[in-house]
Amino acid sequence: MITKSTRRAVVLGAALVAGTLAFGAVAQAQSTLRVVQHGNLTILDPVWTTAYVTRNHGYLIYDTLFAADEKFAIKPQMVDKHEVSADKLTWTFTLRDGLEWHDGQPVKAEDCTASLNRWSKRDPMGQKLFDFVKELKVINDKTFQIVLKEPYGLVLDSLGKPSSNTPFMMPKRIAETDAFQQIKEYVGSGPFIYQTAQSKPGERHVYLKNPKYKPRSEPASGLAGGKVVKVDRVELIEMPDTQTQANALLAGEIDIVEAPPHDLLPVLTKDKSIVLDDWNPLGHVFVIRFNHVVKPFDNPKVRLAALHAINQEDYLKATIGDAKYYKVCGAAFICGTPNGTEKGGEILIKSNFEKSRELLKEAGYDGTPIVLMQSTTLPVLTNTAPVTKALLEQGGFKVDMQSMDWQTVVTRRTKKDPADKGGWNVFHTYSVSADALNPISNSYFVAADGKQWFGWPVDAEMEKLRDAYARETDPVKQKDLAEKVQLRALETGQFGWIGQWYGPGARRSNVTGWLKAPIPVFWNIEKTGK
């Protein structure tokens, strides 16, 4: 946590920082938008990783077939028109005129089918859609079809999925890269062009306005509508230290900080040159994830013991602090949304240490310390692990909390080895709430062998319920199925959702037009003066 002395350091630092951060001579153009993301951008393939910084990079250079507007309605983006056959099995899509890759080649239907194929290998929502796909068929250069085995209720929701892994379109030669290998060319058709030669990983990534991009005619709304670019250049500045971020923003060295720490918001709001912008009104949700394939969390009673020990508010107070930026909520699919139900979620609200110890005894837990991975470089996650350690120890666990940077967590979470051989037992992450709105888009519910997210739960009953949700089109029946999915996850201790939170971005007052969306996007943004 950042202390009062740190806040004072920010204020003093701001007075000293002007002119001291060397971003290079090219970066000083007035139409250059300088942005600090919530983490460093190290991977440039938005299909290979779910990292949000990589997703943000994707929205700069790629485009999507469909997109979610401000109210999460799915609208055409690269698609001009689409139609569905009477039996609801054949979906025909026609691309807009004039779409062009950054290398000057026209966007073709074969590029889109190749891109969808690759995306479907990695994304849980794409995997589920393709379970129902019989054939992807190119009709001509501008038209392709998705032919289904049986009607599927989430075709457009899948193609317009807003967050990781977003179904970005890429040229066929790039999209044919093995989905488990990273691409090596970064050519899209989106509103900005990535500048490999000018980018220096670890320092900055550079994007120039795409002069040939043809925005849709509709007004920009969320991720949909016209992507009108109003700056010449965007630079994603790598600046991991949050105090330095705040100093640089106050000094006018950068224009936007995507996710300033909550402790620094009072300092930033005192400066008239800074505006806090609630760009993601639906917020985020914290998650605790167990490793189902190694002891002791291969035992559902041990997972349930952990869930009984935790309580949401301890996490939210320790990480977010100010109650106006968080919400205690028992709904896995987000309170206040169509599928949001808190039934059964009380287990996550109030600790029951006696029940936790009782379950551990029934499970035969032998007291071997569990390895809890703590990320120290994503500020919003740093304090989650110490809370877990304290709560689980009160619930009867022995906990070995191991601190590491987020990239190490991301690498180590892929290992299925026992915890004492380089693996892990439990870690924390978070999602944008837009990713968690239903049992198909919420990847933590996937329990199909070989398709799960890290932690690897397998549960045939869960997959049966998710399939039923995917087939259903009646919203009332969908909500009933979503509730059954939530109760099943709590019954098996699949994972825990441990509180919703909100965090504004911070921008200089001469920067306007930041759209409200679950993703920070940089079209529509205008920068005037200094």
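First, a word on what this report is: a plain description of the structure on this page. Note that the structure is predicted; figures quoted are calculated from it, not measured.

**Examining helix H2 (residues 52-61)**
1) Next: With 10 of its 10 residues buried, H2 lies for the most part within the structure.
2) Next: The set of residues buried in H2 consists of Tyr52, Val53, Thr54, Arg55, Asn56, His57, Gly58, Tyr59, Leu60 and Ile61.
3) Next: Those residues of H2 that are buried are in contact with strand S8 (192-194), strand S9 (204-209), strand S10 (233-237) and strand S17 (426-432).

**With respect to the pattern of salt bridges**
1) Next: Taken as a whole and assessed by the stated rule, the structure comprises 30 salt bridges.
2) Next: Residue Glu358 pairs with Lys355 through a salt bridge whose shortest N-O separation is 3.6 Å. Of this pair, Glu358 and Lys355 are both found in helix H11 (residues 353-363), 3 residues apart, which corresponds to roughly one turn of the helix.
3) Next: Residue Lys355 is classed as partly exposed on the basis of its relative accessible area, which comes to 28%.
4) Next: In this structure, the salt-bridge partner of Arg466 is Glu463, at a minimum N-O distance of 3.0 Å. In this pair, Arg466 and Glu463 are both assigned in helix H15 (residues 460-471), 3 residues apart and thus about one turn of the helix distant. Grouping residues by exposure puts Arg466 and Glu463 together as buried.

**What about the pairing of strand S6 (residues 133-140)?**
In summary, the side chains of a regular strand alternate between the two faces of the sheet.
1) Next: Sheet topology note: the S6/strand S7 (residues 143-148) ladder contains 6 bridges and is antiparallel. Its bridge partner being in S7, Val138 is matched across the sheet by Phe144.
2) Next: Between S6 and S7, which pair antiparallel and follow one another directly, the connecting turn spans 2 residues.

About the thresholds
Residues numbered from 1 in each chain as written. Predicted model: local features only at pLDDT ≥ 70, side-chain atom pairs only at ≥ 80, totals over all residues. Heavy atoms only, no water. Buried < 20%, exposed > 50% of the residue type's maximum accessible area, 1.4 Å probe, protein only. Helix = DSSP H or I, 4+ residues; strand = E, 2+ residues; numbered from the N terminus. Contact = heavy atoms within 4.5 Å. Salt bridge = Lys/Arg side-chain N within 4 Å of Asp/Glu carboxyl O. Pairing = 2+ DSSP bridges.

Shape is all these values report; function is a separate question.
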